[in-house]
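Next come the chains, spelled out residue by residue.
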Amino acid sequence: MQNMLSIGEMAKLRSVTVDTLQKAGANLAFGTDFPIDILNPLLQIYRAVTRIDSSGKTVWHPHERITLAEALKAYTAGSVYGTFRDEELGTLEVGKLADIIVLERNLFEMPVEEIPNTKIRLTIVDGKVVFDHTTSLIEK
């Protein structure tokens with residue numbers, strides 16, 4: 001009986017098993033758990049890639065890490081798939097609504113530790129610019 005796990009310990013082993021779910025064929029659909037967690041998708045993407053928890057120190061189930069490309073897909077096309085609106089949202093295609101952001105740097109060309117602090121420079125919702133902080137991006 002000493003080797004039995006409590007219900008809480010069993011839940012910890014089976015929670016947020018994103019890579020296992022993905023390998024089993026599940027479509028990952030990410031979102032923030034606001035107000036339970038910080039409303040910052042880049043921080044959540046960082047956590048999915050590194051599996052470092054909110055303490056910033058503890059790596060939680062490292063075997064469940066996913067790639068940056070997989071995390072970005074889960075936050076875009078995956079979350080839209082979960083709302084049954086993937087025919088109109090989620091990917092950049094002719095005829096779909098254009099909800100996009102432009103970041104100050106390419107996430108694929110920076111150290112993963114810098115992802116959470118990356119700044120958004122431009123936000124477009126339904127094809128309209130709603131946030132524009134691009135003056136520093138324009139060459140003079």
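The preceding data block contains the structure.
In this report, we go over the structure that sits alongside the text. Treat the numbers as computed from the prediction; the structure is a model and nothing was measured.

The rules behind the values
Residues numbered from 1 in each chain as written. Predicted model: local features only at pLDDT ≥ 70, side-chain atom pairs only at ≥ 80, totals over all residues. Heavy atoms only, no water. Axes fitted to C-alpha atoms, helices over the stretch in contact; angles between N-to-C directions. Helix = DSSP H or I, 4+ residues; strand = E, 2+ residues; numbered from the N terminus. Parallel < 35°, antiparallel > 145°, perpendicular 65-115°, else oblique. Left-handed = near helix turned anticlockwise from the far one by under 90°. Contact = heavy atoms within 4.5 Å. Nonpolar A, V, L, I, M, F, W, Y, C, P; charged D, E, K, R; others polar. Core = buried A, V, L, I, M, F, W, Y, C linked by side-chain atoms within 4.5 Å. Buried < 20%, exposed > 50% of the residue type's maximum accessible area, 1.4 Å probe, protein only. Patch = residues over 30% accessible without salt bridge, like charges linked within 9 Å, V, L, I, M, F, W, Y side chains within 5 Å. Areas by Shrake-Rupley, 256 points an atom, 1.4 Å probe, with all protein chains shown as cover. Salt bridge = Lys/Arg side-chain N within 4 Å of Asp/Glu carboxyl O.

Close contact between helix 3 (residues 41-50) and helix 4 (residues 68-81) brings their axes to 9 Å; oriented N to C, the two are set at 135°. The angle between helix 3 and helix 4 places the two elements in the oblique class. Considering only the axes of helix 3 and helix 4, their crossing is right-handed. Of helix 4, the residues touching helix 3 (which contributes Pro41, Gln44, Ile45, Ala48 and Val49) are Leu68, Ala71, Leu72 and Tyr75. Residue composition of the contact of helix 3 with helix 4, by class: eight nonpolar, one polar and no charged.

Our focus in this paragraph is the nonpolar core. Judged by nonpolar contacts, the single largest core of 19 residues is most densely connected at Phe30, Ile45, Ile66, Ala71, Leu107 and Ile115. At the level of secondary structure, the elements contributing two or more residues to this core comprise helix 3 and helix 4. In terms of residue count, helix 3 provides more of this core than any other element does, six residues in total. With near-sequence residues (within four places) excluded, leucine 107 lies in contact with Leu42, Leu68, Leu72, Ile115 and Thr118.

Side chains of Ile101, Ile120, Val125, Val130 and Phe131 sit close together on the surface and give an oily, nonpolar patch of about 410 Å² of accessible area. Only strand 2 (120-125) and strand 3 (128-132) provide two or more residues apiece to the nonpolar patch. Along the chain, valine 125 falls in strand 2. The exposure class assigned to valine 125 is partly exposed, which follows from its relative accessible area of 39%.

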